[in-house]
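Reading the structure
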Amino acid sequence: EKGGYATFMEKEIHDQPHAVRDTLLGRTDEEGRLTLDELRIPEEKLREIDRITIVACGTAAYAGMVAKYAIERWTRIPVEVSLAHEFRYCDPIVDERTLVVSISQSGETMDTLMAVKHARELGALTISICNTHGSTIPRESDAVLYTHAGPEIAVASTKAFLAQITASYILGLYLAQLRGGTYVDDIKAVLKELAEVPGKIETVLERMGRVKEIAGFMADTRAVLFLGRHVGYPVALEGALKLKELAYIHAEGFAAGELKHGPIALIEPGQPVFVVVPSPSSEHGLHGKVVSNIQEIRARGARTLVIAEDGDEAVVPFSDEVIRVPATAPLLAPLLTVVPLQVFALWLSTAKGLDVDQPRNLAKSVTVE
Ligand code: F6R
């Protein structure tokens, strides 16, 4: 059942190319236009949406943060990400023209369910991005967009995360197509890039030997920091969460731009810092800014573990380790850059002799508020 792997988590990490491929499957017609029959919300209603709120918890909320960048970019609809357990208690601004998108692997997370119910009471349209057929959250929503990651057994979420991000790209592109506007011409190009992602995840997985080795030497590490910017920021948060859950190591993710506003004070000689570097093809010179961040922390003695695109030579002089991922469109990069962080947490947990699939104090689905 573990497909020859020692743990479900390792198997599920290797399932990720499939999870993304299967979630993309059957979403377009012969002309390459997106068709989302599953949604069952009249197109006119979706055309009228003027704001989107994503509600989710934990890893699913980080998928929502990635989704925000993509959906806003493609649709120009403002997107807010609300932790589901905060949503009900912050007097949310929601009406009939608000689309509330919940993201949940299990479909049973009580906090997320209560947020969806509250949104419906306020008159919002609700769509559930969910991995579990027949679960409660899709039943309580107007429509569902299923992720096809297959059952996720390990408590820590991996393949469901990639599938959630993929499904939210699909939703964003679908809304862009429906509403017309400037991005429509580019939808096909994005879909083509997305279709190539599963093969690129395979490539990342083939290269993970060195990450396993690095993790194997770090069992005594007391703290690890993660930096990222733009879509790399939620990836940094997810890398930190995986490490807390699996290896019980203090880990924090930061937006790289925040560094000089405080967190750089944490840097001392030997401090391991993962940096998720944006593609050199990113807009607004983001790549160069993150390379400067690496330079700054390295100058203060940090041990820099850098995740960078193939061919990005600018990072090399400031990196103790460079972990390479294939090039893709900047908005799609999280599907590749998060993989080494998952693998790192898996092997560090293993190096500490911990139970990878069943970390202490955690349950696979949190059905209490
Ligand atoms: C992290 C993790 C949790 C879940 C969160 C939401 O590895 O598994 O943070 O992502 O509890 O769960 P779902 O997606 O089932 O609503």
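Residues numbered from 1 in each chain as written. Predicted model: local features only at pLDDT ≥ 70, side-chain atom pairs only at ≥ 80, totals over all residues. Heavy atoms only, no water.

Definition in use: UniProt positions are given in the numbering used here, feature names are shortened, and annotations may be inferred rather than shown by experiment.
In the nomenclature of an unreviewed UniProt entry, the protein chain is known as Glutamine--fructose-6-phosphate aminotransferase [isomerizing] of Intrasporangium chromatireducens Q5-1. Comment text from UniProt for the protein chain, heading Subcellular location (unreviewed entry), reads "Cytoplasm". Per UniProt, the comment on the protein chain under Subunit (unreviewed entry) is "Homodimer."

1. Looking at the environment of Tyr174
For the record, the criterion: Only DSSP runs of H or I with at least four residues qualify as helices, and only runs of E with at least two residues qualify as strands; both kinds are numbered from the N terminus onward. Between buried and exposed lies partly exposed: a residue is buried under 20% and exposed over 50% of the maximum accessible area for its type, with that area taken using a 1.4 Å probe on protein chains only. A contact between two residues is defined here by any heavy atoms of the two lying within 4.5 Å.
Within the fold, Tyr174 resides in helix α8 (residues 159-179). The buried category is assigned to Tyr174, whose relative accessible area is 6%. When the C-alpha positions of Tyr174 and Trp74 are compared, they lie 9.5 Å apart, and in sequence the two are 100 residues distant. In contact with Tyr174, not counting residues within four places along its chain, are Leu34, Leu36, Leu39, Glu43 and Leu46.

2. Thoughts on the side chain of Asn131
As a reminder, the rule being used: Residues adjacent in sequence count toward polar contacts only when both atoms are side-chain atoms; beyond that, a polar contact is any pair of N or O atoms within 3.5 Å, and within protein one must be able to donate a hydrogen and the other to accept it.
As for its position among the elements, Asn131 is in the loop between β4 (125-130) and α7 (136-139). In terms of polar contacts, Asn131 uses its side chain to reach the side chain of Gln105, at 3.1 Å. A polar side-chain atom of Asn131 sits 3.1 Å from the main-chain amide nitrogen of Ala149. Look past the residues within four positions of Asn131 in its chain and what remains in contact with it is Ser104, Gln105, Thr147, His148, Ala149 and Gly150.

3. A closer look at the pattern of salt bridges
Note the cut-off: One side-chain nitrogen of Lys or Arg within 4 Å of one carboxyl oxygen of Asp or Glu is enough to make a salt bridge.
Taken as a whole and judged by the stated rule, the model has 20 salt bridges. The residue Arg27 makes a salt bridge to Glu38 at a minimum N-O spacing of 2.2 Å. Remark: Glu38 occurs in the loop between α2 (16-24) and α3 (43-48) and Arg27 occurs in the loop between α2 and α3; sequence separation between them is 11 residues. Residue classification places Arg27 among the buried residues on the basis of a relative accessible area of 4%. Of the charged contacts, one joins Glu152 and Lys364 as a salt bridge, the two residues approaching to 2.7 Å between their closest N and O atoms.

4. Side note on the sheet that holds strand β8 (residues 272-276)
Applied cut-off: Pairing between strands requires that DSSP locate at least two bridges from one strand to the other. Axis definition: a line fit to C-alpha positions, over the contact stretch in the case of helices; interaxial angles, taken between N-to-C directions, run 0 to 180 degrees.
The 5 strands are arranged β7-β6-β8-β9-β10 in an open sheet whose pairing can be described as parallel. Of all strands in the sheet, those with a lone pairing partner are β7 (250-255) and β10 (321-325), marking the two edges. Put simply, the sheet's adjacent strands are angled 20° from each other on average, direction ignored. Looking at chain direction, strand β6 (residues 223-228) and β8 are connected through 4 bridges and run parallel. Of the residues in β8, the one forming a bridge with Gly228 is Val276. In the packing of helix α12 (residues 286-299) onto the sheet, the strands contacted are β6, β8 and β9 (303-309), and the crossing angle to β8 comes to about 170°.

5. A closer look at unusual backbone geometry
Trans is the common state for peptide bonds, and a negative phi is the common state for residues other than glycine. Phi is positive for Arg40, close to 50°, though the residue is something other than glycine. Structurally, the position occupied by Arg40 is in the loop between α2 and α3.

6. Quick notes on the sheet that holds strand β2 (residues 79-83)
Note: strands within a sheet are paired through backbone hydrogen bonds, in either parallel or antiparallel orientation. Taken in spatial order, the 5 strands line up as β2-β1-β3-β4-β5 in an open sheet, and their pairing is parallel. Each edge of the open sheet is held by one strand with a lone partner, namely β2 and β5 (143-146). On average, each strand axis in the sheet is inclined to that of its neighbour by 20°, with strand direction left out of account. The pairing of strand β1 (residues 51-56) with β2 spans 5 bridges and is parallel. Paired with Ile54 across the two strands is Val81, which belongs to β2. Across the sheet, helix α4 (residues 58-75) is in contact with β1, β2 and β3 (98-104); its angle to β2 comes to roughly 175°.

7. Thoughts on the pairing of β5
Along any regular strand the residues' side chains alternate between the sheet's two faces. Taking every second residue as pointing to the same face, both faces of β5 are buried, with Ala143 and Leu145 on one and Val144 and Tyr146 on the other. With 4 bridges joining them, β4 and β5 adopt parallel strand pairing. Looking across to β5, one finds that Ile127 is bridged to Ala143.

8. Remarks on the environment of Glu245
By the element assignment, Glu245 lies in helix α11 (residues 232-247). Through-space distance from the C-alpha of Glu245 to that of Pro326 is 28 Å; in sequence the pair is 81 residues apart. The contacts of Glu245, once residues within four sequence positions are left out, are Ala156, Pro359 and Leu362.

9. A look at the site of the ligand
Our working definition: The rule for a residue being near a molecule or strand is that one of its heavy atoms must lie within 4 Å of it. Note on areas: Shrake-Rupley, 1.4 Å probe, and residue coverage restricted to the protein chains presented here.
Taken together, 14 residues surround the ligand, and among them Ser104, Gln105, Ser106, Thr109 and Glu245 come closest. Contact distances for the ligand include 2.6 Å between an oxygen atom and a side-chain N or O atom of Ser104. At a separation of 2.9 Å, an oxygen atom of the ligand approaches a polar side-chain atom of Lys242. For the ligand, the protein covers 89% of the area, taking 410 Å² as the surface of the free molecule. Listing elements by their share of the shell around the ligand, those giving two or more residues are α4 and α11.

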